[in-house]
Amino acid sequence: MTRLRSVVRGCGSYLPRTTVTNDDLAARVDTSDDWIVQRTGIRQRHIAQPDETTSVLGIKAARAALEDAGIDAASIDLVICATSTPDHTFPSTATQIQAGLGIQTGAAFDLQAVCAGFVYAVATADKFLATGAATRALVVGAETFSRLLDWEDRTTCVLFGDGAGALVLEAQAGEGLASDRGVLTSQLRSDGRHREKLYVDGGPGSTGTTGKLRMVGKEVFRFAVGSVTDVVTQAFEATGTTADDLDWFVPHQANRRIIEASADKLGIAREKVVLTVDRHGNTSAASIPLALDAACRDGRIKRGDLVMIEAIGGGFTWGSALIRW
Ligand code: UT7
């Protein structure tokens with residue numbers, strides 16, 4: 001049966017110029033390159049300068065995605081920005097990106113699901129495109145998590161970085177089969193009982209301050225592998241596909257150990273796993289589009305490939321999406 005699919009037309013990303021190594025951090029807090037590499041796989045992260053706000057990063061990533069798609073920004077009628085680090089409490093970063101690109105029509109809004117934000121944003125854009133409510137969507141994941149960090153807390157400040165990535169999705173007719181190009185399924189979950197395991201201790205409605213990121217890392221770790229493997233399995237079931245059909249597994253880049261344990265549990269071969277956590281650290285909602293763009297740029301992800309994205313973040317929120325590129 002013919003149906004509208006959300007097909008990837010272009011991909012782009014942007015990283016701040018400044019990189020910070022593990023040794024740089026070891027000069028500030030009681031940590032070491034060895035500890036960080038062994039426990040997380042992270043070797044460096046990019047950190048935004050004061051003039052590089054989330055919208056600045058997002059606009060650059062969006063421009064790269066539009067250029068890759070070869071389409072004019074004016075034809076975009078939906079902008080969704082997944083972020084937990086907006087430039088301002090309001091207006092949304094998405095409207096700032098919209099204005100920065102000169103887009104004057106359609107809708108723009110932010111989506112906040114922390115590290116799962118990009119998966120949530122792809123799923124949301126897909127619902128708009130699949131119902132005909134929009135025709136071309138710009139889906140951005142952009143973060144400046146460095147501004148939420150307590151730089152005295154070694155248990156969190158070594159983990160995160162800044163950056164942005166974007167996809168251009170376009171509504172195109174498909175057959176309703178797993179062989180169609182586009183978003184084949186998305187699976188979103190949340191469970192607010194876990195909200196105090198990963199949170200920011202401030203906000204406009206409580207302290208009136210931005211607050212700092214707090215995390216019970218071990219608890220998040222424990223929950224992560226089981227939850228993401230569940231939603232990936234459900235995506236396979238929903239589409240009649242298996243781990244063997246997959247060309248690329250592009251997980252949220254929080255911790256190499258979580259990624260490899262998830263891939264092993266799902267029976268996904270290690271060579272199909274796209275890893276950028278070593279170079280980018282955890283960039284929250286930006287990590288998946290940054291990894292997608294890295295794998296597109298180096299020629300790994302090609303048109304027709306089957307790509308699984310998945311993430312878990314504060315809330316907890318988690319989800320997966322299966323995309324035929
Ligand atoms: O993106 C959202 C999702 N977030 C995540 O997925 C993060 C999930 N959690 C993790 O990735 C891991 O739990 C961490 C990387 C955060 C921590 O790894 P861990 O293996 O769970 O270590 P731990 O918290 O059990 O800490 C082990 C030891 C502790 O010392 P003691 O109590 O054994 O003496 C910590 O105090 O390591 C110590 N430690 C550090 N040592 C050096 C904690 N942070 C550091 C550090 N450098 N930066």
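This is a predicted model, so every value here is computed, not measured.

1. Notes on the overall build of the protein chain
Tallying secondary structure elements over the protein chain gives ten helices and 13 strands in all. The C-alpha radius of gyration of the protein chain comes to 18 Å, within 12% of the 20 Å expected for a compact globule of 325 residues. Overall size of the protein chain, expressed as C-alpha extent along the three principal axes, is 60 × 45 × 40 Å. Evaluated residue by residue, the protein chain yields a buried proportion of 57% over its 325 residues. Long-range pairs, those at least 24 residues apart, make up 76% of the contacts in the protein chain between residues at least 6 apart in sequence. Counting only carbon and sulfur atoms, one obtains 50% of the accessible surface of the protein chain, whose full area is about 13100 Å².

2. Looking at the environment of Ile309
Structurally, the position occupied by Ile309 is in strand S12 (residues 306–313). In the structure, Ile309 is positioned 187 residues away from Val122 in sequence and 10.0 Å away in space, judged by C-alpha atoms. Ignoring anything within four residues of it in the chain, the contact list for Ile309 reads Phe118, Val119, Val122, Val250, Ile288, Leu292, Gly319, Ser320, Ala321 and Ile323.

3. What about the environment of Ala238?
By the element assignment, Ala238 lies in helix H7 (residues 217–239). In contact with Ala238, other than residues within four places in its own chain, are Thr185 and Gln187.

4. Observations concerning the packing of aromatic side chains
Each aromatic ring pair is described using two quantities: the centre-to-centre distance and the angle formed by the ring planes. Taken as a whole, this structure holds four aromatic pairs when the rule is applied. The interplanar angle of 40 degrees and the centroid separation of 6.1 Å between the aromatic rings of Phe109 and Phe128 together place this pair among those described as tilted. Here Phe128 lies in helix H5 (residues 117–130) and Phe109 lies in strand S5 (residues 107–111), a separation of 19 residues in the sequence. The class for Phe109 is partly exposed, based on a relative accessible area of 26%. Relative to Trp318, the ring of Phe223 lies with its centre 5.2 Å away and its plane at 80 degrees, an arrangement referred to as edge-to-face. In this pair, Phe223 sits in helix H7 while Trp318 sits in strand S13 (residues 317–324), placing the two residues 95 residues apart along the sequence. Since its relative accessible area comes to 10%, Trp318 is described here as buried. Pairwise contacts between aromatic rings join Phe223, Phe316 and Trp318 into one cluster.

5. Topic: the nonpolar core
Core analysis: the biggest nonpolar cluster contains 43 residues, and Leu246, Phe249, Ile268 and Met308 have the highest contact counts within it. Elements with a minimum of two residues in this core: H7, helix H8 (256–266), S12 and S13. When residues of this core are assigned to their parent elements, the largest contribution, eight residues, is made by H7. Shared between two domains, this core holds at least three residues of each, these being domain 1 (3–174) and domain 2 (182–324). Here Phe249 is in contact with Val232, Ile259, Ala263, Leu266, Ile268, Lys272, Val273, Val274, Met308 and Glu310, once residues within four sequence places are set aside. Counting 37 residues, the second-largest nonpolar core is a separate cluster that includes Leu111, Trp248, Val250 and Ile323.

6. Things to note about the domain arrangement of the protein chain
Reports of interface size often rely on the accessible area that becomes lost once the parts have come together. The assigned domain composition of the protein chain is domain 1 (3–174) and domain 2 (182–324). Spacing between the C-alpha centres of domain 1 and domain 2 amounts to 14 Å. Listed per partner, the contact involves 52 residues of domain 1 and 49 residues of domain 2. Interface area for domain 1 against domain 2, summed over the two sides, is near 3800 Å², with a carbon-plus-sulfur share of 64%. The tally of links between domain 1 and domain 2 comes to two salt bridges. For Asp68, the salt bridge identified is with Arg297, shortest N-O distance 3.2 Å. Every element with two or more residues in the side of domain 1 that touches domain 2 is listed here: strand S1 (3–14), helix H2 (33–40), strand S3 (44–47), H5, strand S6 (136–144) and strand S7 (162–174).

7. Some details on H7
Between its first and last C-alpha, H7 extends 33 Å over 23 residues, near the 33 Å set by a 1.5 Å rise per residue. Where H7 bends most, the angle comes to about 30 degrees, and this point is Ala224. Those residues of H7 not exposed but buried are Val220, Ala224, Val225, Ser227, Val228, Thr229, Val231, Val232, Ala235, Phe236 and Thr239. One or two residues past the end of H7 sits Gly240, with phi positive at roughly 65 degrees.

Definitions and cut-offs
Residues numbered from 1 in each chain as written. Predicted model: local features only at pLDDT ≥ 70, side-chain atom pairs only at ≥ 80, totals over all residues. Heavy atoms only, no water. Helix = DSSP H or I, 4+ residues; strand = E, 2+ residues; numbered from the N terminus. Rg over C-alpha atoms; globule rule 2.2 N^0.38 Å. Buried < 20%, exposed > 50% of the residue type's maximum accessible area, 1.4 Å probe, protein only. Contact = heavy atoms within 4.5 Å. Areas by Shrake-Rupley, 256 points an atom, 1.4 Å probe, with all protein chains shown as cover. Phe/Tyr/Trp six-rings, centres within 6.5 Å; stacked < 30°, edge-to-face > 60°. Core = buried A, V, L, I, M, F, W, Y, C linked by side-chain atoms within 4.5 Å. Domains from an automatic or database assignment. Buried area = accessible area lost by both parts, 1.4 Å probe. Salt bridge = Lys/Arg side-chain N within 4 Å of Asp/Glu carboxyl O. Expected span 1.5 Å × (residues − 1). Bend = angle between axes of the 7 residues up to and from the residue.

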